[in-house]
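# Topology and contacts: notes
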Amino acid sequence: MNTDNLRQQFKERFGAAAEVVTASPGRIEFIGNHTDYNGGQVLGVALDREVRVAAGPRSDEKLCFASEGEVDFEGSADTLVAREGELAWVNYPLGILQVVR
C-alpha cells in the first residue's frame, strides 16, 4: 500500500487525517539470530518489503489500531495487557506504548 492510499484509508476508518505517516524496511539476519548483542557476527539485510504506519491523536483515552488483513483493536490506554489469538498482532504496538509511558 502506498502512502497516499494509507492516508486515505486512515481518514475513512478514523474520520480524521493522519498526523504521522512513516515506513520501516523489513530485515532479515543471515547469520546468528540474537548474537549481535552477545558480541557475535550478524549479517543483516534490508528487504524490499516494509511496514507503513499512520497515526493521529484522539481527544479521549482510547487506543485504536487497524491493520490490513487483521482484526481491528480498540481499547483503553490503561489496559496495556498482552492479547492472544487473532488480536496477538497488537502486542508489539501496545508494548511500545507501555515502555514510552
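So, a few notes on the structure that sits alongside this text. (Residues numbered from 1 in each chain as written. Predicted model: local features only at pLDDT ≥ 70, side-chain atom pairs only at ≥ 80, totals over all residues. Heavy atoms only, no water.)

### Focus: the pairing of strand β4 (residues 73-76)
On β4, burial follows the alternation: Phe73 and Gly75 on one face are buried, whereas Glu74 and Ser76 on the facing-out side are not. As paired elements, strand β3 (residues 62-65) and β4 share four bridges and run antiparallel to each other. Opposite Cys64, over in β4, you have Glu74 as the bridge partner. (Buried < 20%, exposed > 50% of the residue type's maximum accessible area, 1.4 Å probe, protein only. Helix = DSSP H or I, 4+ residues; strand = E, 2+ residues; numbered from the N terminus. Pairing = 2+ DSSP bridges.)

### Overview of the pattern of salt bridges
Across all of its chains, the model carries five salt bridges by this definition. Across the pair Arg13 and Asp72 runs a salt bridge whose closest N-O atoms are separated by 3.7 Å. One end of the pair, Arg13, is in helix α1 (residues 3-14); the other, Asp72, is in the loop between β3 and β4, with 59 residues separating them in the sequence. A residue is classified by how much of its surface remains accessible, and Arg13, at 38% relative accessible area, is partly exposed. Assessed through its relative accessible area of 43%, Asp72 is described here as partly exposed. Across the pair Asp60 and Arg58 runs a salt bridge, and its minimum N-O distance is 2.9 Å. Judged by its relative accessible area of 34%, Asp60 falls in the partly exposed class. Look at Arg58 and you get partly exposed, because its relative accessible area is 40%. (Salt bridge = Lys/Arg side-chain N within 4 Å of Asp/Glu carboxyl O.)

### With respect to the side chain of Arg83
Examined against the element boundaries, Arg83 turns out to sit in the loop between β4 and α2 (91-100). The buried charged residue Arg83 lacks any salt bridge, with Glu84 as its nearest oppositely charged partner at 10 Å. Ignoring any residue separated from it by four or fewer positions in sequence, one finds Arg83 in contact with Phe73, Ala88, Val90, Asn91 and Leu94. (Lys, Arg positive; Asp, Glu negative; His and termini not counted. Contact = heavy atoms within 4.5 Å.)

### Quick notes on a nonpolar patch on the surface
Taken together, Ile28, Phe30, Ile31, Leu43 and Leu47 make up a surface patch of nonpolar side chains, about 440 Å² in accessible area. Following the sequence through the fold, Ile28 ends up in strand β1 (residues 20-29). The partly exposed category is assigned to Ile28, whose relative accessible area is 31%. (Patch = residues over 30% accessible without salt bridge, like charges linked within 9 Å, V, L, I, M, F, W, Y side chains within 5 Å. Areas by Shrake-Rupley, 256 points an atom, 1.4 Å probe, with all protein chains shown as cover.)

### With respect to the environment of Trp89
By the element assignment, Trp89 lies in the loop between β4 and α2. With relative accessibility at 23%, the residue Trp89 sits in the partly exposed group. Considered as a pair, Trp89 and Ala18 are 71 residues apart in the sequence and their alpha carbons are 21 Å apart.

### Section: α1
With 12 residues, α1 extends 16 Å between its outermost C-alpha atoms, agreeing within 8% with the 16 Å of an ideal straight helix rising 1.5 Å per residue. Where α1 begins, one side-chain oxygen reaches toward the backbone nitrogen of Asp4, 3.1 Å away; that side chain belongs to Asn2. Within two residues after α1, Gly15 carries a phi angle of roughly 75°, on the positive side. (Expected span 1.5 Å × (residues − 1). Polar contact = N/O pair within 3.5 Å; in protein donor to acceptor, adjacent residues only side chain to side chain.)

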